[in-house]
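Commentary on secondary and tertiary structure
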Amino acid sequence: MSKEKESIGFLLFLFLLLPWLMTVLLQGRQACPVEREISIEEYIAAVTASQISWDYDMEAIKAQTILVRNALYLTREQGKEQELLLQASDFFKRKEMDAQQLMRFHSFQQAAQETKGEVLALEGEVKELPYHALSQGRTRDGKEVLGEDYTYLPSVDTARDLDSPRYVEGCYFTAQELAEKLKEEYPGFVMDEAQTVEIKETDAAGYVMEIQIGTQIFQGEKIKELLALPSSCFTVQKLEGEIRFLCRGIGHGMGMSQYTAQQLALEGKTYIEILQYFFPDLEIVDNL
């Protein structure tokens, strides 16, 4: 009976906490008294919950929590953490929070508490740590894609991602549909008579760096954004009047693959081991 009362008490606590949390997410530092600055730790659980599957193992959630703390720390230094908070707020506005979901949210609070203050750093400097839902089977090399400042993002094997049912997705467009979507951002865009769609350059992991569509050259990530593709790792084929973008993975392919992180967690790896796998040159430090 006591355990049941504890569960009910905890749920009531979360129901009371959530409105305050939403206020903090929406208003940021302005939601608290002038003399008190809100700690990153007070909303890190909510931001993490907006970025990773709620079905994932605790160790994978902890790994994502560290990445979120790095991001919040860096954006706060720049006075730009509001964007992350608004994204989290939008997530909770759309999510139906019943008693079961509130109990599950406790996992994110626990992950935040058990990793409190921990960030990943290189020689004491907190680093930007990208992540994505699912890679194409290998993450991208930071130095190759972003330059010398990102040598701490190595390309690592993520062959486990190939087992995901979401690994491959085909996205189909007619030439007219393709042109109309690109015109939304580039009004002067014209599809040439040959309906040219040709990949010009990929990186070592197979993600598109440059693609020619019509007479114009685009970056692969930009086309991913404009066409709402799941990934910039794609091939292009013309099939019976349509153009198919056959995409592998979900996201930009940089940093930590959440799917592989989950598989590593299921194999018994700790969040520290997961992070060491993706970011071997960095170390966990208590920075906050």
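Keep in mind that this is a model prediction, so the values were computed, not measured.

When you go through the protein chain residue by residue, the secondary structure sums to 10 helices and 11 strands. Expressed as a percentage of the 288 residues in the protein chain, the buried residues total 48%. Taking the contacts inside the protein chain whose residues are at least 6 apart along the sequence as the reference set, 68% of them involve residues at least 24 apart. About 14700 Å² of surface is accessible on the protein chain, with carbon and sulfur atoms providing 48% of the total.

Further remarks concern the confidence of the model for the protein chain. Here the protein chain shows a mean pLDDT of 88. Residues at 70 or above account for 86%. Confidence drops under pLDDT 50 across residues 1–16; counting only partners more than four residues distant or on other chains, this segment forms 11 contacts.

Our focus in this paragraph is the pattern of salt bridges. In this structure the tally under the stated criterion is 12 salt bridges. Glutamate 125 is the partner of lysine 127 in a salt bridge, and the nearest nitrogen-oxygen pair spans 3.6 Å. Assessed through its relative accessible area of 45%, glutamate 125 is described here as partly exposed. Linking lysine 222 and glutamate 225 is a salt bridge whose minimum nitrogen-to-oxygen distance equals 3.6 Å. Note that lysine 222 and glutamate 225 are positioned in helix α8 (residues 220–227) at a spacing of 3 residues, about one turn of the helix.

To continue, consider the sheet that holds strand β4 (residues 168–173). The sheet built from 3 strands is open, its strands ordered β4-β9-β8 with antiparallel pairing. The open sheet has two free edges, formed respectively by β4 and β8 (234–239), since each of these has just one partner strand. Shown here is a sheet whose adjacent strand axes are inclined to one another by a mean of 25°, direction ignored. Pairing geometry for β4 and strand β9 (residues 242–248), over 6 bridges, is antiparallel.

What follows covers the pairing of β8. Pairing between β8 and β9: 6 bridges, direction antiparallel. Note that in β9 the partner of threonine 235 across the bridge is leucine 246. Hairpin connection from β8 to β9: 2 residues lie between these consecutive antiparallel strands, with glutamate 240 at a positive phi of about 45°.

A few words now on unusual backbone geometry. Among all residues save glycine, negative phi is the norm, and among peptide bonds the norm is trans. A positive phi angle, close to 50°, is found at glutamine 195, a residue other than glycine. Of note, glutamine 195 is situated in the loop between α7 (175–183) and β5 (197–202). Residue glutamine 195 is classed as partly exposed on the basis of its relative accessible area, which comes to 35%. With phi around 45°, glutamate 240 is a residue other than glycine that occupies positive phi space.

As a further point, take the sheet that holds strand β2 (residues 125–126). Taken in spatial order, the 3 strands make up an open sheet running β2-β1-β11, and their pairing is antiparallel. The strands lining the two open edges of the sheet, one partner per strand, are β2 and β11 (283–286). When strand β1 (residues 118–122) meets β11, the two strands line up antiparallel, connected through 4 bridges. Looking across to β11, one finds that alanine 121 is bridged to glutamate 283. Where helix α3 (residues 58–77) meets the sheet, it contacts β1 and β2, and its direction lies at approximately 75° from that of β1.

As a further point, take the side chain of serine 107. Tracing the chain through its elements places serine 107 in helix α5 (residues 99–114). A relative accessible area of 12% places serine 107 in the buried class. Within the structure, serine 107 has its side chain in polar contact with the side chain of arginine 104 (distance 2.8 Å). Leave out the neighbours within four places in its chain, and serine 107 touches Met58 and Ile61.

In terms of nonpolar packing, the biggest core is built from 53 residues, with Leu72, Phe105, Met256, Leu275 and Phe279 touching the most fellow members. Per-element accounting of this core gives the leading share, 10 residues, to α3. Once residues within four sequence positions are removed from consideration, leucine 275 is found in contact with Ala63, Ile66, Leu67, Leu120, Met256, Pro280 and Ile284. In terms of nonpolar packing, the next biggest core, distinct from the first, is built from 20 residues, Cys171, Met191, Val197 and Phe245 among them.

Rules used in this analysis
- Residues numbered from 1 in each chain as written.
- Predicted model: local features only at pLDDT ≥ 70, side-chain atom pairs only at ≥ 80, totals over all residues.
- Heavy atoms only, no water.
- Helix = DSSP H or I, 4+ residues; strand = E, 2+ residues; numbered from the N terminus.
- Buried < 20%, exposed > 50% of the residue type's maximum accessible area, 1.4 Å probe, protein only.
- Contact = heavy atoms within 4.5 Å.
- Areas by Shrake-Rupley, 256 points an atom, 1.4 Å probe, with all protein chains shown as cover.
- pLDDT = per-residue confidence, 0-100.
- Salt bridge = Lys/Arg side-chain N within 4 Å of Asp/Glu carboxyl O.
- Pairing = 2+ DSSP bridges.
- Axes fitted to C-alpha atoms, helices over the stretch in contact; angles between N-to-C directions.
- Polar contact = N/O pair within 3.5 Å; in protein donor to acceptor, adjacent residues only side chain to side chain.
- Core = buried A, V, L, I, M, F, W, Y, C linked by side-chain atoms within 4.5 Å.

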